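Results of the structural survey
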Amino acid sequence: MREDLQQIKHRIPLLDYLQQRNWTAHRFSAREEFVGLCPLHQETRPSFYVNARKNLFYCHGCERGGDLIRFVELSEHLSFRESIAYLQQDLAVAAESQLLDRTAAFYQAQLHRHPEAAEYVRQRGLCDPELIEELGLGYAPGGNLRRHLTDLGYSFDLLLRTGLISNQGRDAFCRRVIFPCRQHGRVINLYGRSIGAAFPHRLLPRTKGGLFAWESVRTFSTVILVEGLFDLAVLWQLGFRNTTCAIGTHLTPAQLSQLAVAAGRCIYIAFDQDANQSGQQASRLLAQLLESAGLKARILCLPSGQDPNSYFAAGATASDFRACMEQAPSL
Ligand SMILES: [Zn+2]
């Protein structure tokens, strides 16, 4: 317990912890002392002091002070034991997120080393190098991730737990183009699109998080919702930056509430036009759900058998797509 405690305090400096939670501070003296508004009580003049060297805080307003554990006890209303568990959980999440960041960076470096991947991306109509860079697109050739990550010091257990490696020790992603899914600047999942005969879609067995790139799309009053990340990529390439994606046709309650925060927002549903009508049926169900959440829903009608990606790959232009949007009926 004592060692756990020292390790937590060593790995999460109090000042970092506060700053990650948006505490803004000014350096108070030449020493490592900082002052800012107290996160524990309401105030207008700063009286909360942090000594970064000693890893301690003290507030002259509410007269409370102590170390990181004490701060978590007070701010999260947890017991001592619960605070430690809370911080251990925080460390585990941060470790996994750093691992996914490094995996995404590794895959990103592979994309241009494998002509078959670059060719696949080009065939899907994605050709803007800046956008490919912005999306952090990568490629998993298979067979080399495990060695790379264990060389960096990650344990086999952690790789297994995040689903990057199978029980047999093989790379979970093999011959797949990789899109990192980010939230609040952290990679929280990886989506892999097979370029071969394997099942097309794969995500790590963990939350897919909110809507894709929601932090940049949330400001739009009109939003285009697509099924796949290649659909999103080609629409972004054509300037439709108000496009987001739930990776599939099913929205989680969290994703639905992201859309519903702005009442009256108009959502254009641009799912695949499947021969078996499954995309169309999913569109209608989702449209009803969106309307009952106070949103306006329009269902885009692309030519039969098309999704936005194949529509553009077949030669359609931005104005063709805009015409589809104008003709999209409401419920
Ligand atoms: Zn205070």
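Note that the structure is a prediction, hence the values are computed from the model and not measured. (Residues numbered from 1 in each chain as written. Predicted model: local features only at pLDDT ≥ 70, side-chain atom pairs only at ≥ 80, totals over all residues. Heavy atoms only, no water.)

1. A closer look at the overall build of the chain
Across its full length, the chain carries 14 helices and 13 strands. The buried share of the chain, reckoned over its 331 residues, is 47%. By sequence separation, contacts in the chain at least 24 residues apart represent 55% of the contacts at least 6 residues apart. Of the roughly 17,200 Å² that the chain leaves accessible, carbon and sulfur atoms contribute 49%. Averaging the coordinates of the 35 positive side-chain charges in the chain and doing the same for the 32 negative ones gives two points 3 Å apart. (Helix = DSSP H or I, 4+ residues; strand = E, 2+ residues; numbered from the N terminus. Buried < 20%, exposed > 50% of the residue type's maximum accessible area, 1.4 Å probe, protein only. Contact = heavy atoms within 4.5 Å. Areas by Shrake-Rupley, 256 points an atom, 1.4 Å probe, with all protein chains shown as cover. Lys, Arg positive; Asp, Glu negative; His and termini not counted. Charge placed at Lys NZ, Arg CZ, Asp CG, Glu CD.)

2. Focus on the coordination of the zinc ion
The protein atoms that coordinate the zinc ion are Cys-38 (SG), His-41 (ND1), Cys-59 (SG) and Cys-62 (SG), at distances of 2.1 to 2.3 Å. Relative to the metal, the four donor atoms surrounding the zinc ion lie at angles of 98 to 124 degrees, and the coordination shape comes out tetrahedral. The sequence pattern formed by the donor residues of the zinc ion is C-x2-H-x17-C-x2-C. Within this pair, whereas His-41 is found in the loop between strand 2 (33-36) and strand 3 (48-51), its partner Cys-62 is found in the loop between strand 4 (56-59) and strand 5 (65-66), the two being separated by 21 residues in sequence. Given a relative accessible area of 24%, His-41 falls into the partly exposed group. (Donors = N, O, S within 2.8 Å, 3.2 Å for Na, K, Ca; no water. Tetrahedral: all angles 85-135°; square planar, octahedral: opposite > 155°, others 65-115°.)

3. Section: the sheet that holds strand 8 (residues 186-194)
Read from one edge to the other, the open sheet built from four strands follows the order 6-7-8-9, with strand pairing classed as antiparallel. Because the sheet does not close on itself, it has two edges, and the strands there are strand 6 (138-140) and strand 9 (201-203). The mean inter-strand angle of the sheet, taken between neighbouring strand axes irrespective of direction, is 35 degrees. The pairing of strand 7 (residues 176-183) with strand 8 spans eight bridges and is antiparallel. In the sheet register, Val-177 faces strand 8, and the bridge partner there is Arg-193. Together, strand 6, strand 7 and strand 8 form the strand contacts of helix 4 (residues 80-111), whose direction differs from that of strand 8 by roughly 40 degrees. Set on the sheet, helix 10 (residues 229-237) makes contact with strand 7 and strand 8; between it and strand 7 the angle comes to about 75 degrees. (Pairing = 2+ DSSP bridges. Axes fitted to C-alpha atoms, helices over the stretch in contact; angles between N-to-C directions.)

4. Details of the pairing of strand 4
Only one face of strand 4 is buried: it carries Phe-57 and Cys-59, and the other face, with Leu-56 and Tyr-58, is open. Where strand 3 lies against strand 4, four bridges are found, and the strand directions are antiparallel. Bridging across to strand 4, Phe-48 finds its partner in Cys-59. Here strand 3 folds back onto strand 4 in antiparallel fashion, the turn holding four residues, of which Asn-55 has a positive phi close to 65 degrees. The hairpin turn running from strand 4 into strand 5, its antiparallel successor, is five residues long, and Glu-63 in that turn takes a positive phi close to 55 degrees.

5. Structural notes on the nonpolar core
Val-177, Phe-179, Ile-224, Leu-259, Leu-290, Leu-300 and Phe-321 are the most contacted members of the largest nonpolar core, which has 61 residues in total. By residue number, the principal contributor to this core is helix 10, which donates seven residues. Dropping the residues within four chain positions of it, Phe-179 is found in contact with Leu-135, Leu-137, Asn-189, Leu-190, Tyr-191, Leu-229, Phe-230 and Ala-233. (Core = buried A, V, L, I, M, F, W, Y, C linked by side-chain atoms within 4.5 Å.)

So far we have only geometry, and geometry alone does not tell us how the molecule works.
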